[in-house]
Amino acid sequence: MSRTLVTLVVAGSLAASAAVLSGQAPQRPDFTGVWTNYVEPGAARGGGPGRGGGPPLPLTEEAQKKVAAYRGLIGTSGDTPGGHCLGTGMPGSMLGSGGYPMEILQRPEQINITYEAHNEVRRVYLGDRIVPMADRVPGRNGHSSARWEGDTLVVETTHLVEQVEQRYAHSDQAKIVERYSLSTDSRGTKVLTAEMTLTDPVFYTKPVTDTKKWAFVPNGHLLPYECAEEGWRIHLEELEKKANTRKESK
Amino acid sequence: MKQLVSLVGALALVVTLLGSTASAHHSAVQYDFGKTATITGVVVKFQAINPHMRLTLRVTDEKGTREVELEGHSTNNMYRAGYRDGLIKVGDKITVNVAPLRDGTEGGYMVAAVTASGTRFGVQSAAERAREQQKAEGK
């Protein structure tokens, strides 16, 4: 071992020891910022098979019946939760949220993810911020807790409500694990990759997986998104029409 | 134009996933996104809101004068396709590209507009893309 190499090894060990002694938290990747849907180099935008494609999902018989009943109910109406100003819910939110961007704000003990569509928010807790099991409130995005495995953030989401309208329909027993990691592509774009595994013994005969990639938007901003504003204005217009009709009839 | 093209795929996805208006609770399936119609008129009402812009135009042509109600992409997506606050005002004469209603009723889903000042914003329709592709290939 050369003298230079020995010197570097010793210096590195000392630095690591000093960090431990001083109580410094390990340096983690920072996901903070605005992210938009990633397009692979050379791929056409919007040219893929879409989220509705792919092989059939390994749904249980019970799940198949529930999904078929839901699809029969909406028929060809094109109805979606979003059409009624409802957020996408997991895992749809993390898999694209309707094509809109998302913003991540990261602190050591909590990471907030805001999806622009419907201002949908996920709060991912770490360490002491993780809510005890008995105190968690079920919801469309569930409860998310996380831990670091090296440079990978592992997010586990439970306490979901049943959502048959999802691309990955699931029961309230579903557990979703996301593994987030950073990379840089051949164009120099910072890429955030989320590898998802959904486990649900009620709806699936085996775990299902998917991968979502996001591209960093330098100095990006989310825009306001008040979905219910249109409905409110239409309601006011209807009130105005009724008021005018009453006036005319007097 | 590059900016417009780059948003087409994303917006098509948005229309598919997010559906349509809040109060009316209808869906974008009533529009034919494979076709494009052009409507020119004077702005009677314009609302830059989500999930869909709303526009009423007073149209005058050989059929006479009437008001045509339109909806369109979300303000957020139009913003990313060039729309900015104040570009459309009541009284302006503008031209819009719409995906027409499948049942033939007058109206449609606004995908792009040329404002009174000549500013264009929005996205190309599938039909426009196909025409440009054919032109580029010399067909």
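Residues numbered from 1 in each chain as written. Chains lettered and ligands numbered in written order. Predicted model: local features only at pLDDT ≥ 70, side-chain atom pairs only at ≥ 80, totals over all residues.

Caption draft 1: Quick peek at the overall build of chain A. Summing up its helical and strand segments, chain A has 3 helices and 9 strands in all. Residues counted as buried form 24% of the 250 residues belonging to chain A. For chain A, the proportion of contacts with a sequence separation of at least 24, taken over those separated by at least 6, is 55%. (Helix = DSSP H or I, 4+ residues; strand = E, 2+ residues; numbered from the N terminus. Buried ≥ 20, exposed ≤ 12 C-beta atoms within 10 Å, placed from the backbone. Contact = placed C-beta atoms within 7 Å.)

Caption draft 2: Expanded view of the overall build of chain B. Scanning chain B from terminus to terminus reveals 3 helices and 6 strands. Taken from N to C terminus, the helices and strands of chain B fall in the order α-β-β-β-α-β-β-β-α. When the 139 residues of chain B are sorted by exposure, 42% land in the buried category.

Caption draft 3: Representation of the sheet that holds strand 4 (residues 120-126) of chain A within the structure. Residue and element names in this part refer to chain A. Around the barrel, which closes on itself, the 9 strands sit in the order 1-2-3-4-5-6-7-8-9 with mixed pairing between neighbours. Ignoring strand direction, the axes of neighbouring strands in this sheet form an average angle of 30 degrees. By the bridge criterion, 5 bridges tie strand 6 (residues 152-158) to strand 7 (residues 175-184) in an arrangement that is antiparallel. Residue T157 lies in a different strand from strand 7, and its bridge partner there is I176. (Pairing = 2+ DSSP bridges. Axes fitted to C-alpha atoms, helices over the stretch in contact; angles between N-to-C directions.)

Caption draft 4: Quick look at the pairing of strand 7 of chain A. Residue and element names in this part refer to chain A. Direction of pairing for strand 7 relative to strand 8 (residues 190-199): antiparallel, over a ladder of 10 bridges. Counterpart to R179 in the pairing with strand 8 is E195. Connecting the antiparallel pair strand 7 and strand 8 is a turn made up of 5 residues, with G188 showing a positive phi of about 90 degrees.

Caption draft 5: Geometry of helix 3 (residues 229-249) of chain A. Taking 1.5 Å of rise per residue, the 21 residues of helix 3 of chain A would be expected to cover 30 Å, and the 30 Å separating its terminal C-alpha atoms lies within 8% of that figure. The buried fraction of helix 3 of chain A is low, at 1 of 21 residues. (Expected span 1.5 Å × (residues − 1).)

Caption draft 6: Expanded view of unusual backbone geometry. Going from A:M90 to A:P91, the amide bond is cis rather than trans, its omega being 5 degrees. Looking at the element boundaries, A:P91 is found in the loop between helix 2 (61-74) and strand 2 (102-106). Between B:N50 and the following residue, B:P51, the backbone shows a cis peptide bond with an omega angle of 0 degrees. Residue placement: B:P51 occurs in the loop between strand 1 (37-47) and strand 2 (54-61). Unusually for a residue other than glycine, A:H159 sits at a positive phi of about 55 degrees.

Caption draft 7: A look at helix 2 of chain A. All names here are of chain A. Between its first and last C-alpha, helix 2 extends 20 Å over 14 residues, near the 20 Å set by a 1.5 Å rise per residue. The element helix 2 is largely exposed, with a buried count of 1 among its 14 residues. One or two positions beyond helix 2, positive phi appears at G75, with a value near 55 degrees.

Caption draft 8: The environment of B:E106, seen in detail. Residues and elements named next belong to chain B. Looking at the secondary structure, you find E106 in the loop between strand 4 (93-100) and strand 5 (108-114). Residue E106 is classed as partly exposed on the basis of its C-beta count, with 15 C-beta atoms lying within 10 Å. For the pair E106 and R66, spaced 40 residues apart in sequence, the C-alpha separation works out to 10 Å.

Caption draft 9: Spotlight on the nonpolar core. Residues and elements named next belong to chain B. In terms of nonpolar packing, the biggest core is built from 23 residues, with V96, V98, Y109, M110 and V111 touching the most fellow members. For this core, the elements supplying multiple residues, two or more each, are strand 2, strand 4 and strand 5. The element contributing the most residues to this core is strand 5, with 5 residues. Dropping the residues within four chain positions of it, V98 is found in contact with A37, I39, L70, G108, Y109, M110 and V111. (Core = buried A, V, L, I, M, F, W, Y, C linked by C-beta atoms within 7 Å.)

Caption draft 10: Broad picture of the pairing of strand 4 of chain A. Residues and elements named next belong to chain A. Taking every second residue as pointing to the same face, the buried face of strand 4 carries E120, R122, V124 and L126, while none of V121, R123 and Y125 on the other face is buried. Relative to strand 4, strand 3 (residues 110-115) is paired through 6 bridges, and the arrangement is antiparallel. Pairing of Y115 across the sheet is with E120, part of strand 4. In this antiparallel pair of consecutive strands, strand 3 and strand 4, the connection spans 4 residues, and H118 shows a positive phi of 65 degrees.

Caption draft 11: Local environment of the confidence of the model for chain B. Residues and elements named next belong to chain B. Across chain B, the average pLDDT comes to 82, with 75% of residues at 70 or higher. Scored below 50 in pLDDT, residues 1-10 makes 23 contacts in the model with residues more than four places away or belonging to other chains. Across the interfaces of the predicted complex, the ipTM metric reaches 0.75, alongside a pTM of 0.81. (pLDDT = per-residue confidence, 0-100.)

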